[in-house]
Amino acid sequence: VGYLPEGQILRGEEPISKDINNNLHELLIAASFCNDAKLVRPNEEVAHWSILGDPTEGSLIVAAKKAGIDIEAELAKSPRIKELTFDSNRKRMSTIHKFYENTPEEINVAYVKGAPKEVLNLCTGYYENGKHVLMSEAIRAEIVKANDSYAREGLRVLAIAMRVLPKEEPFLNLNKCTVESIEEDLTFLGLMAMSDPPRIGVAEAVEKCHNAGIRIIMI
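The rules behind each value
- Residues numbered from 1 in each chain as written.
- Predicted model: local features only at pLDDT ≥ 70, side-chain atom pairs only at ≥ 80, totals over all residues.
- Heavy atoms only, no water.
- Helix = DSSP H or I, 4+ residues; strand = E, 2+ residues; numbered from the N terminus.
- Buried < 20%, exposed > 50% of the residue type's maximum accessible area, 1.4 Å probe, protein only.
- Contact = heavy atoms within 4.5 Å.
- Areas by Shrake-Rupley, 256 points an atom, 1.4 Å probe, with all protein chains shown as cover.
- Lys, Arg positive; Asp, Glu negative; His and termini not counted.
- Charge placed at Lys NZ, Arg CZ, Asp CG, Glu CD.
- Salt bridge = Lys/Arg side-chain N within 4 Å of Asp/Glu carboxyl O.
- Expected span 1.5 Å × (residues − 1).
- Pairing = 2+ DSSP bridges.
- Axes fitted to C-alpha atoms, helices over the stretch in contact; angles between N-to-C directions.

J.: Go over the overall build of the chain, please, and point to the residues and values.
T.: Tallying secondary structure elements over the chain gives 7 helices and 11 strands in all. By principal-axis analysis of the C-alpha atoms, the chain measures approximately 65 × 40 × 40 Å. Relative to its full complement of 219 residues, the chain shows a buried share of 37%. Nonlocal contacts in the chain, meaning residues at least 24 apart in sequence, comprise 60% of its contacts between residues at least 6 apart. For the chain, the computed accessible surface area is about 13800 Å², with 52% contributed by carbon and sulfur atoms. Across the chain, 26 positive and 33 negative side-chain charges occur, with their mean positions spaced 3 Å apart.

J.: Tell me about the pattern of salt bridges, and please be specific about residues and values.
T.: Where charged atoms from two side chains of opposite charge approach closely, those side chains can pair. Enumeration over the complete set of coordinates arrives at 10 salt bridges. For Glu118, the salt bridge identified is with Lys91, shortest N-O distance 3.7 Å. Placement of the pair is Glu118 in helix H4 (residues 116-120) and Lys91 in the loop between strand E5 (80-87) and strand E6 (92-99), with a sequence separation of 27 residues. Accessibility expressed as a relative area gives 26% for Glu118, which makes it partly exposed. The class for Lys91 is partly exposed, based on a relative accessible area of 37%. Between Arg92 and Glu183 there is a salt bridge; the shortest N-O distance is 2.7 Å. On the criterion of sequence distance, the pair formed by Arg92 in strand E6 and Glu183 in the loop between helix H6 (179-182) and strand E11 (186-194) is long-range, its members being 91 residues apart.

J.: So what about helix H2 (residues 55-66)? Which residues, and what values?
T.: Each α-helix turn comprises 3.6 residues. Residues three or four places apart therefore point the same way. In this model H2 runs 16 Å from its N-terminal to its C-terminal C-alpha over 12 residues, within 8% of the 16 Å that 1.5 Å per residue would give. Downstream of H2 by one or two residues, Gly68 has phi in the positive range, about 85°.

J.: Which residues make up unusual backbone geometry, and what values do they have?
T.: The omega angle of the peptide bond from Glu169 to Pro170 is 5°, so this bond is cis rather than trans. Following the sequence through the fold, Pro170 ends up in the loop between strand E10 (156-164) and H6. Non-glycine residue Asp185 carries a positive phi angle of around 50°. Asp185 gets classed as partly exposed once you look at its relative accessible area, which sits at 41%.

J.: Would you mind going over the environment of Phe33 in detail, with residue names and values included?
T.: Position of Phe33 relative to the elements: it lies in helix H1 (residues 22-33). Considering only alpha carbons, one finds Phe33 and Ser94, 61 residues apart in sequence, at a separation of 9.2 Å. The residues touching Phe33, leaving out its near neighbours within four places in the chain, are Glu74, Leu75, Ser78, Arg80, Thr95, His97, Phe99 and Tyr111.

J.: Explain the sheet that holds E10 to me, and be specific about the residues and the numbers.
T.: Within the open sheet, the 7 strands sit side by side as E5-E6-E7-E10-E11-E8-E9. Their pairing is mixed. The open sheet has two free edges, formed respectively by E5 and strand E9 (131-134), since each of these has just one partner strand. Between one strand and the next, the sheet's axes are offset by a mean angle of 30°, whatever the strand orientation. Strand direction decides the pairing type here: strand E8 (residues 123-128) and E11, joined by 3 bridges, are parallel. Bridged to Cys123 within E11 is Leu186. Those strands touched by H1 are E5, E6, strand E7 (107-114), E8, E10 and E11, and its axis lies near 80° from that of E11. Against the sheet, H2 touches E6, E7, E10 and E11, its axis set at about 100° to E11.

J.: So what about the pairing of E5? Which residues, and what values?
T.: Looking at chain direction, E5 and E6 are connected through 5 bridges and run antiparallel. Counted as the bridge partner of Leu84 is Ser94 from E6. Connecting E5 to the antiparallel partner E6 that follows it, the hairpin turn spans 4 residues, and Lys91 within it adopts a positive phi of roughly 65°.

Right, dumping it as structure tokens:
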């Protein structure tokens, strides 16, 4: 509840240690990088943790913080060099980051987050312990099933993916790249599902509106 970056990530009833596995770490890094929200510490004006930006994106940052990831330090090592902003038609956004450390040579990596089915349609593989594994129809069906299950529970679901960009044209000049050339041949990282329950008092407010003869329409 709220944006306090304290807590645990559990598998079942067991907490996952701060030394999280590669798959989860890569997922949380991607969700934090492909993100425009900022987590704000308590200060003189606001006594609790808050965010600047979209609440959904803020919740992804909090999840990464709870896993012990220092997002600012990670961004310092892998700075953002381009953003493909969210578009309601393609239902996703992307950011591109330059990696210097722990790689044989400098590489650019694109991170994508958005509507699960739209992102999954662009994925040719999935991430498994540091490798791009070719996507099978069985794995694709498993991901769709998981997404549908989350949706039936009333959860909001985002898909996260990545792509190591080729060191060739047109990718050597990102200003000439199009959304279509960047957002293809993606590696699926995972789904992130979140609960966004009605605020306290909403049910009573709706009942009062109905009693007053007001018809409520949600758009």
